[in-house]
Structures are given as structure tokens and as C-alpha cells.
Amino acid sequence: MPDTGASRASVLHVVGARPNFMKVAPVMGALGRTGAVDQKLLHTGQHYDPELSGHFFDDLGLPEPDVNLGVGSGRHAEQTGKMMIRMDPVLEEVGPDWIFVVGDVNSTVAASLTAVKRGIRVAHVEAGLRSGDRSMPEEINRIVTDSLSDALFVTEPSGVENLRREGADEEQIHFVGNVMIDTLDRLRGRTEKEAVLERMGLEDRSYVLVTLHRPGNVDDEEQLAAVLEALAAVSQRSGLPVVFPMHPRTTSRVEEFGLDDIARRIAVVDPLGYLDFLALMDGAAAVVTDSGGIQEETTVLGVPCLTVRPNTERPVTVSEGTNRLYTGPMEGLPEAVSERLSVTRQEKRPKLWDGRAAERIAEITVNQLLPASPTGS
Ligand code: UD1
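Predicted, not measured: the structure shown is a model, and the values here were computed from it. (Residues numbered from 1 in each chain as written. Predicted model: local features only at pLDDT ≥ 70, side-chain atom pairs only at ≥ 80, totals over all residues. Heavy atoms only, no water.)

Draft legend 1. Structural context of the overall build of the chain. Broken down by element type, the chain carries 17 helices and 13 strands. Its C-alpha atoms give the chain a radius of gyration of 21 Å, within 12% of the compact-globule value 21 Å for 377 residues. Across its three principal axes, the chain shows a C-alpha extent of roughly 70 × 40 × 40 Å. Out of the 377 residues belonging to the chain, those deemed buried represent 57%. Considering only intrachain contacts with a sequence separation of at least 6, the fraction spanning at least 24 residues in the chain is 70%. As displayed, the chain offers around 15600 Å² of accessible surface, 47% of which is attributable to carbon and sulfur atoms. Within the chain, the 57 negative side-chain charges are centred at a point lying 3 Å from the centre of the 38 positive side-chain charges. (Helix = DSSP H or I, 4+ residues; strand = E, 2+ residues; numbered from the N terminus. Rg over C-alpha atoms; globule rule 2.2 N^0.38 Å. Buried < 20%, exposed > 50% of the residue type's maximum accessible area, 1.4 Å probe, protein only. Contact = heavy atoms within 4.5 Å. Areas by Shrake-Rupley, 256 points an atom, 1.4 Å probe, with all protein chains shown as cover. Lys, Arg positive; Asp, Glu negative; His and termini not counted. Charge placed at Lys NZ, Arg CZ, Asp CG, Glu CD.)

Draft legend 2. Quick look at unusual backbone geometry. Not every positive phi belongs to a glycine, and Glu126 is a case in point at roughly 85 degrees. Note on placement: Glu126 falls in strand 5 (residues 121–127). Under the relative-accessibility criterion, Glu126 is labelled buried at 5%. Backbone geometry at Leu352 places phi at a positive 70 degrees, although glycine is not the residue there. Secondary-structure assignment places Leu352 in the loop between helix 16 (333–341) and helix 17 (357–369). A relative accessible area of 24% means that Leu352 is categorised as partly exposed.

Draft legend 3. Representation of the pairing of strand 5 within the structure. Here strand 5 lies mainly inside the structure; six of its seven residues are buried. Strand direction decides the pairing type here: strand 4 (residues 98–102) and strand 5, joined by five bridges, are parallel. By the bridge assignment for strand 5, Ile99 is matched with Val122. The pairing of strand 5 with strand 6 (residues 151–154) spans four bridges and is parallel. The residue bridging Val125 from the neighbouring strand is Phe153, located in strand 6. Handedness of the strand 5-helix 5 (residues 137–148)-strand 6 crossover: right-handed. (Pairing = 2+ DSSP bridges. Right-handed = clockwise from strand over helix to strand, strands pointing away.)

Draft legend 4. Highlighting the confidence of the model for the chain. Averaged over every residue, the pLDDT of the chain is 96; the share at 70 or more is 97%. Under a pLDDT of 50 for its full length, residues 373–377 has, in the predicted model, five contacts with residues more than four places off or in other chains. (pLDDT = per-residue confidence, 0-100.)

Draft legend 5. Seen up close, the environment of Gln172. Mapped onto the elements of the fold, Gln172 is located in the loop between helix 6 (157–165) and strand 7 (173–175). Sequence-wise, Gln172 and Leu369 are 197 residues apart; in three dimensions their C-alpha atoms are separated by 9.8 Å. The contact partners of Gln172, leaving out residues within four places of it in the chain, are Ser149, Asp150, Ala151 and Leu152. In terms of polar contacts, Gln172 uses its side chain to reach the backbone amide nitrogen of Asp169, at 2.9 Å. (Polar contact = N/O pair within 3.5 Å; in protein donor to acceptor, adjacent residues only side chain to side chain.)

Draft legend 6. Local environment of the nonpolar core. Among the nonpolar cores identified, the biggest contains 38 residues, and Leu60, Leu209, Tyr274 and Leu280 are the most heavily contacted of them. When residues of this core are traced back to their parent elements, those giving at least two are helix 1 (18–34), helix 2 (54–60), helix 7 (179–187), helix 8 (193–200), helix 13 (274–283) and helix 14 (293–301). In terms of residues, this core owes the most to one element, helix 13, which gives seven residues. Not counting residues within four places of it along the chain, the set of residues in contact with Tyr274 comprises Met22, Phe56, Asp59, Leu60, Met180, Thr183, Leu184, Leu187 and Glu297. (Core = buried A, V, L, I, M, F, W, Y, C linked by side-chain atoms within 4.5 Å.)

In C-alpha cells, the structure reads:
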């Protein structure tokens, strides 16, 4: 479709933190291919280190953001408030018909709240997920964002049930599948697994990959010490290296609590870009995590995953996937990892995790959400 300029409907996509980038990329791609939408990308600057942000733009082929609010780190209220204050004049100037937000980070909720106050409609990609645990900031962000959204794009059946229970209108709910898996399918063939493993001195299927950064696991000194001890014990018991690309939040806690000696007993490395991390996940014998997205990615890769959390907002990864929750004391972690290591790898595809979720979102957006006859045409 030719570019008809001002008459096209406009969408502003908002990203801010690492887990957002792989979700927005396929949505922007699919909407772009319709030729029906004028798209802009706003980065709040919640994540600003190249390892958590810039490298992802390169790996995913995302365009440079049109706007970067440069908000950075801070207490939740301060960070969220700054985002709203800086975003408001941008929304006034850009005047989008819709904003699209993804996931459950502070940038997601800040953008949704700012937009609805201006009468701009909000579409939430990855709506409806619920852990039932309101002590997690992400759960609050999910509940608030969904309650403010006009369109709710859902990844798994539990999300549809949750939204119905909370009173969302049927017309708002669209079960489309998982855009993060669209990205995984697109880029899996482009990873350089052998080179990554060689560079890190690892052998395929012969290491345990770890990511832990949730406040519940790393913000308390005793808990973090127990976690690191348990990971060292996992390595000892399994005879496999434990590789831990450490999130800056975790690194700063390790330093603050003086836990460097324990951390040295495992292979701590810097956070990795998308492609290198995907390669590492694919080559792992098992994964230990508290991430949301990694529970889903390991399901599709078929890598046994142990999630160190008392709950998950992604139950399909447990019922249909390769994921198990670990809720016991840290001393029991090595045994639980051994169980995971004994599981045969089996790639799973929950319903509609077929690499085409973003196409469905684009189709619904063009046919149902955008004004039938855009103003000015
Ligand atoms: C955020 C998300 C979390 C997501 C995670 C992925 C919220 C509430 N949490 O948590 O859901 O799983 O991102 O990474 O939005 N920091 C840096 N460099 C950066 C960004 C952060 O060093 O580029 C450090 C800062 O010391 C900061 C800490 O990390 O204090 C936490 O950053 P923040 O964005 O507040 O939350 P995350 O823990 O990254």
C-alpha cells in the first residue's frame, strides 16, 4: 500500500526494559508490512546499559527509537513518575491513535496511565498473565495495565480466563499467541552457538545456565547467600559448570553484601545480547531462572527449566512445557536440578505459539482497532 502520509492511523510503541525489545520487534514488523499504520517507537530509558538495551536493538533489527526519555534507574515511584512526566508532552506532540505496550515492567504501566489520561487508546501485548502474587511489582503492573487497556492481546489460555474473571469485555480479549516466540523462531537459525560455546569454554548440553534477578531472590542478604551457595553445590553435585550471566541488580547486591567469594565458585559472566543468550539457552543441559520470558523460551527449545519462584504467571509452561517451579529451601536446589538434568529434552508448542502471533495482532489492529476512515482522509 502506498504511503498516504497524514491520513494513516498512527501507533506509538513503548519499550523500556530488556524483556520488552524481543516482544515489540515482531509487532512493529507485522504492522509495518500492512502498510496501513504510521509507527513510532519510544524508549523510556528504564534500561540504558548496552548489555540490557543497545545490543538488543542491534540483534533484533529494531529501529532507533524516535524518542528516548532517558529516565534511568530509581525507586519505583520515582522511576514511574519521571516516565509519566516526560512522556506526557511527547504524547501531546505525536498524538497517536493508539499506544502499544508490552509485558509488565514499570515502563508498561507508566505509558498506559499517561496515555489513558490523554484519551489515547491502549493495546497491551501479553495481557492477562497473573501470578496471584501482589508482592511482585510486575503483578501490580499487569493488573493496572490490563484494567486501563482497550485491546488485550493474550499469549495463553490462563490469560483469557483471568481477564474474563476480572470483567474485561469479550470484544477486548484477543488470544493471539506469543510474540516472543515469533522472535525466537525468526532468529534461532542466526545464532552462532558453536562460536559462543567455544568462546566461553563450554560444551554443548554440558552446563547449567542460571539467571536470577528478582527482588525476592537477590535483595535479601541471607537469601542471596543461600542461592549462591546452592548454585555452587549444583556445580559440585552435577559435575557441570554453572554459568550465570548476571543482571546488574544482582551484581550490585553481591558487591553490597560482600558475597564475591561465593560468587567466584560459579562462572559469573556479564549479561549477554539476545542472540548469544539464545545460543546459550539452546545449548544448556538445564536452566535455573526466576525470569518470566525464559520459562517460555525454554518450553519451545525443549530445555528443562527450574523456576526459583513460589508461583508463575505462565502456567502453560508447567502444564504443557518443560518448566517446574522450585519452592523449597535452597539446600534442596542441587537435587531439584539433578531431577531436571535427568529429563529428556522435548520441544513443546503451546497453542498458537507458532511464530505468527504478531501477524494476528496486525490483522486485528488493522481490521478492528484502527479508525475505519482515518481523520483527514
Ligand atoms: C526490570 C523489570 C523486570 C524485568 C527486568 C529485566 C520492573 C518493575 N522490573 O527489573 O520485570 O524482568 O527489568 O531485566 O520494571 N541497572 C543497570 N543498568 C541498566 C538498568 C538497570 O545497572 O541499564 C541496575 C540499576 O542498578 C537498577 C537495577 O539494575 O537499580 C534495577 O533496574 P530496574 O530497571 O529498576 O529493574 P530491574 O531489576 O532491571
